[in-house]
Amino acid sequence: MALPDSVTTCLSQPVHYVICKLGFEKKDTYDINNILSENGEVCWQAVTEHVCYLESDQSVDYIKSIRSLGPVCESVNLYFKSLTKEQFVVQYASWFHWTNCTEVFLEVFDILQYTQATEVALGLMKLTSCLERALGDVYLLKGNDCPFLLRDLLASEQLADVFGQAVMNVLKVFIGSPHGLNLRNVLWHGFASPQEIPAKYCAMLLFLTAGLGQLLQTYLLQTKVVLIHRPYVIFISLEELDAFPDLNNEVLSIAEELVKRSSFVLKTMLPFWIAALTAFKQSRYADSVILLLPQLEVGLRLLFTTTNKCPNRLLTAESSALYTTFDEMLAKNLDNEEINQLPVVLEEPAMASDFLWDFLNHQEGPRVRDRLSHGEINLETFPREVANQIVGFAITILCRFSDEDMCSFKEHMVIKPLMNCASCYRSRFHPISRLKKQVLECVKSVHSWPELPTVPEEQVEKIKGVEGNAEANTLILMISEIISQLQHYMPQNCCSLDDPVSSVLTERLLVELCDTRICTLYSPRPLLEVAAVLRKISAQCHQVSRQVIAGAGLRYTQWVNKALRSRQRHNYRRMLSSIKFLSPVLRLILLLITVELVNVHSVCKKNPFDYQQYLKFLKSVLQYTENLVTYTSPEKNKWDETMELTKKTLIKIRKISDRKLMLMHLAT
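Residues numbered from 1 in each chain as written. Predicted model: local features only at pLDDT ≥ 70, side-chain atom pairs only at ≥ 80, totals over all residues. Heavy atoms only, no water.

A. Geometry of the layout of surface pockets. Approximately 510 Å³ is the volume found for the second largest pocket. Lining the second largest pocket are 23 residues, and of these Arg-426, Ser-427, Arg-428, Ser-433 and Lys-436 sit closest to its centre. Among the elements of the structure, helix 17 (349-361), helix 21 (416-424) and helix 22 (431-446) are those that each provide at least two residues to the lining of the second largest pocket. The biggest single contributor to the lining of the second largest pocket is helix 22, with 6 residues. Viewed by domain, the lining of the second largest pocket spans two of them, domain 2 (238-423) and domain 3 (479-659), each represented by three or more residues. (1 Å grid on protein atoms, 1.4 Å probe; cavity = no way out; pocket = protein on both sides within 12 Å on 5 of 7 lines; lining within 4 Å. Points joined across faces, edges and corners; volume = space filled by probe spheres on them. Helix = DSSP H or I, 4+ residues; strand = E, 2+ residues; numbered from the N terminus. Domains from an automatic or database assignment.)

Below is the structure:
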């Protein structure tokens, strides 16, 4: 589709005025010595005097405050330019230690010496994220749950108690309030181009951060408390994020050409894209992603506003309205309940939305944008693996919206694998995807039971409740009957009539069933609630398996070493006998989970149904697995009770496990 190429700014007229003009209206020169003591400390009283207040309610008058602080910011910027790096380090470095990322602030000083617009914007984004994290650490000196939003953090009584309300009002002029400059949000959400962020505001925030460090040192000495920094979030299981192949210089060179010609890229934002690719080449992976995420947002916002015919939403909203951000752009419906057309115009819409939901929104995903923008990640150790995925995804979007004469790039030998990976992408962090992963991990654990060390067969005691072949055969028969009722939902020819339990309850079958594609985009509430209960069941089953593995290993060692008392030996024998029957039962429950997931998804797509009755059944299975965890724990070791409970549960499952009949009933 054709996208408008006439956009020259994403700042609305009032916001553009506030950021680009208001702070330059006063032409008088401000003497830096008014706000700087002889020993280099910030004279906060002189700074706070420039914050103006409304007569009506004594709240901050942001327009007058920005106008008044404009010359002060310019003076600070010129002052920093007059210092050498050595002078700045000697005078200010120690005042940044409270942020736990001194190097970032020293880097911002370097950036200000050359005033390259893209680098200033990048420095400001990094500065605000680190500052927010540090302020959160200070908040926790007096409070418990740190606010998630910067504006709520700056408005908190806890920070006002430490720094003073007047100081917090100064900060709110620059960041955190939609009525002020709001520098953090306009940059992190992709509204501001490099040329629209005055360097003097970056210099002023650097100056204020040092001043906060001075105030905090005084507070800590007076109160004799210690500032504790929260640990950084560390990305784990990086292999789960592996969607695109490793990007080499040839791919990145082609990407640089795509950036210049793709309609997805606003011309005013082109320097950000080039800087992001350059940073990746230079192994500055955090910088690359920080630069790129806002550009993905503004590019998608352009698509969103074009396809949904609301061009005014491309610009920054005023303080009385919300920004058009990722959350809204990825939603199924617009505010007026009309269908969001953005997924329709995206090639492989589920892929693009699933990827963005996975990497940005899902609670169990990496939530890259949130964690970077709120300072939760160590920028120096940001993993290449994560950056590779974000850049790889961006390249596929550039290709999707490239000119017709650029179509050859899509077929290029180094680009085509990226496009193929994009078209095959499936969500990894949606609750349904996590459920599938849980099931496979659990079944792998249960299938390892036959490898557990055990005593000779003849020494295993027949346990109460399964004496003789009759009782054992009854259990196996019930499992076989349940499997027979589930066959309708399984691949053909997977069940042997001679041995249905062994032929069906296999890891291979569950892998095949879990590979069934389920659309996770815009999952209905009933499906999510069912998935939540199924996840709890799976988690309990896995806990049982872990307890069995640990208990069997410990007891065997004690048996060999003759360290078991008589009662413990009897209990160990009962455990060995019980787990022979418990293994197929757990595998049956995992099969039931997988079949139910696919089945309920299918029903939810066709008809709404009263799923509360269905949830009641699932919760009874959950109750069984929770009791199983208790009975098989090292503290309890209640194996007779385990088998009695298992028999009762199998009877209940057998009675209502004709799922086709039940779901048809529920759906009508």
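There's plenty left to go through after this.
B. Highlighting unusual backbone geometry. A positive phi is found at Gln-58, a non-glycine position, where the angle reads about 60 degrees. The phi angle at Asn-100 is positive, at roughly 65 degrees, despite the residue not being glycine. On the secondary structure map, Asn-100 appears in the loop between helix 4 (85-92) and helix 5 (102-114). By relative accessible area, which is 41% here, Asn-100 ends up partly exposed. (Buried < 20%, exposed > 50% of the residue type's maximum accessible area, 1.4 Å probe, protein only.)

C. The arrangement of the packing of helix 19 (residues 384-400) against helix 21 in detail. Viewed as axis vectors pointing N to C, helix 19 and helix 21 meet at an angle of 100 degrees, and their least axial separation amounts to 9 Å. It follows from the interaxial angle that helix 19 and helix 21 lie roughly perpendicular. Two secondary-structure elements touch here, helix 19 through Ile-395, Thr-396 and Cys-399 and helix 21 through Leu-418, Met-419 and Ala-422. Here the residues of the contact of helix 19 with helix 21 are counted per class, giving 5 nonpolar, 1 polar and no charged. (Axes fitted to C-alpha atoms, helices over the stretch in contact; angles between N-to-C directions. Parallel < 35°, antiparallel > 145°, perpendicular 65-115°, else oblique. Contact = heavy atoms within 4.5 Å. Nonpolar A, V, L, I, M, F, W, Y, C, P; charged D, E, K, R; others polar.)

D. Region of the structure containing the confidence of the model for the protein chain. The predicted model of the protein chain has a mean per-residue pLDDT of 88, with 89% of residues at 70 or higher. Considering only residues more than four positions removed or in separate chains, one finds that residues 463-468, a stretch of pLDDT under 50, has 12 contacts. Within the model, pLDDT remains below 50 along residues 663-668, and this stretch shows 10 contacts once partners closer than five positions in the same chain are excluded. (pLDDT = per-residue confidence, 0-100.)

E. A look at the packing of helix 5 against helix 11 (residues 199-223). The N-to-C vectors of helix 5 and helix 11 enclose an angle of 150 degrees; their axes lie 10 Å apart at closest approach. Between helix 5 and helix 11 lies a crossing whose hand is left-handed. For the pair helix 5 and helix 11, the contacting residues are Phe-105, Val-108, Phe-109 and Leu-112 in the first and Ala-199, Cys-202, Ala-203, Leu-206 and Thr-209 in the second. Here the contact of helix 5 with helix 11 is composed, by residue class, of 8 nonpolar, 1 polar and no charged. (Left-handed = near helix turned anticlockwise from the far one by under 90°.)

F. Expanded view of the side chain of Asn-77. Along the chain, Asn-77 turns up in helix 3 (residues 62-82). Take Asn-77: its relative accessible area is 6%, and that puts it in the buried class. With sequence-adjacent residues up to four places away left out, Asn-77 is seen in contact with Leu-112, Ala-199, Lys-200 and Ala-203.

G. Just the environment of Leu-122, in detail. Checked against the element boundaries, Leu-122 lands in helix 6 (residues 117-139). Overall, Leu-122 belongs to the buried group, its relative accessible area being 0%. Taking C-alpha positions, Leu-122 is 8.9 Å from Phe-272, a pair spaced 150 residues apart along the chain. Those residues in contact with Leu-122 that lie beyond four places of it in its chain are Arg-284, Asp-287, Ile-290 and Leu-291.

H. A look at helix 5. Listing the buried residues of helix 5 in full gives Thr-102, Val-104, Phe-105, Leu-106, Val-108, Phe-109, Ile-111 and Leu-112. Structurally, helix 5 contributes buried residues whose contacts are with helix 3, helix 4, helix 6 and helix 11. Positive phi shows up at Thr-115, right after helix 5, with a value of about 50 degrees.

I. Fine view of the pattern of salt bridges. For the structure on display, the rule yields 25 salt bridges. One salt bridge connects Arg-67 with Glu-25, and the closest N-O pair in it is separated by 2.7 Å. Of this pair, Arg-67 sits in helix 3 while Glu-25 sits in the loop between helix 1 (13-20) and helix 2 (44-48), and the two are 42 residues apart along the sequence. Between Arg-426 and Asp-515 there is a salt bridge, and its shortest N-O distance comes to 3.6 Å. Taken together, the residues span a long stretch of sequence, with Arg-426 in the loop between helix 21 and helix 22 and Asp-515 in the loop between helix 25 (507-514) and helix 26 (525-560) at a distance of 89 residues. (Salt bridge = Lys/Arg side-chain N within 4 Å of Asp/Glu carboxyl O.)

J. Representation of the packing of aromatic side chains in the model. Within this structure, the stated rule accounts for 20 aromatic pairs. Both rings, one in Phe-88 and one in Phe-96, keep their centres 6.0 Å apart while their planes meet at 35 degrees; by these two values the pair is tilted. On the basis of relative accessibility, which here comes to 0%, the residue Phe-88 falls in the buried class. Residue classification places Phe-96 among the buried residues on the basis of a relative accessible area of 0%. On the basis of an interplanar angle of 5 degrees and a centroid distance of 4.4 Å, the ring pair of Phe-355 and Phe-393 is categorised as stacked. (Phe/Tyr/Trp six-rings, centres within 6.5 Å; stacked < 30°, edge-to-face > 60°.)

K. Local environment of the environment of Leu-206. Along the chain, the position of Leu-206 falls in helix 11. Accessibility expressed as a relative area gives 0% for Leu-206, which makes it buried. C-alpha of Leu-206 to C-alpha of Phe-105: the two residues are 101 residues apart in sequence and 6.9 Å apart in space.

L. Structural view of the nonpolar core. Formed by 160 residues in total, the largest nonpolar core has its most connected members in Phe-80, Tyr-92, Phe-174 and Phe-382. In terms of residues, this core owes the most to one element, helix 11, which gives 14 residues. Among all residues touching Tyr-92, those that are not within four sequence positions of it are Leu-36, Gly-40, Tyr-79, Phe-80, Leu-83, Phe-207 and Ala-210. Counting 66 residues, the second largest nonpolar core, distinct from the first, contains Leu-510, Ala-531, Val-585 and Tyr-624. (Core = buried A, V, L, I, M, F, W, Y, C linked by side-chain atoms within 4.5 Å.)

M. How the structure looks around empty space enclosed by the protein. Scanning all chains against the criterion turns up 3 cavities of 30 Å³ or more. Taken as a whole, the largest cavity encloses approximately 60 Å³ of empty space. Along its surface, the largest cavity is lined by Leu-300, Phe-326, Met-329, Leu-330, Leu-342, Pro-343, Leu-346, Ala-352, Ser-353 and Leu-356. Of all elements in the fold, only helix 15 (326-329), helix 16 (342-345) and helix 17 reach the threshold of two or more residues within the lining of the largest cavity. In terms of residue count, helix 17 provides more of the lining of the largest cavity than any other element does, 3 residues in total. Considering only residue class, the lining of the largest cavity consists of 9 nonpolar, 1 polar and no charged.

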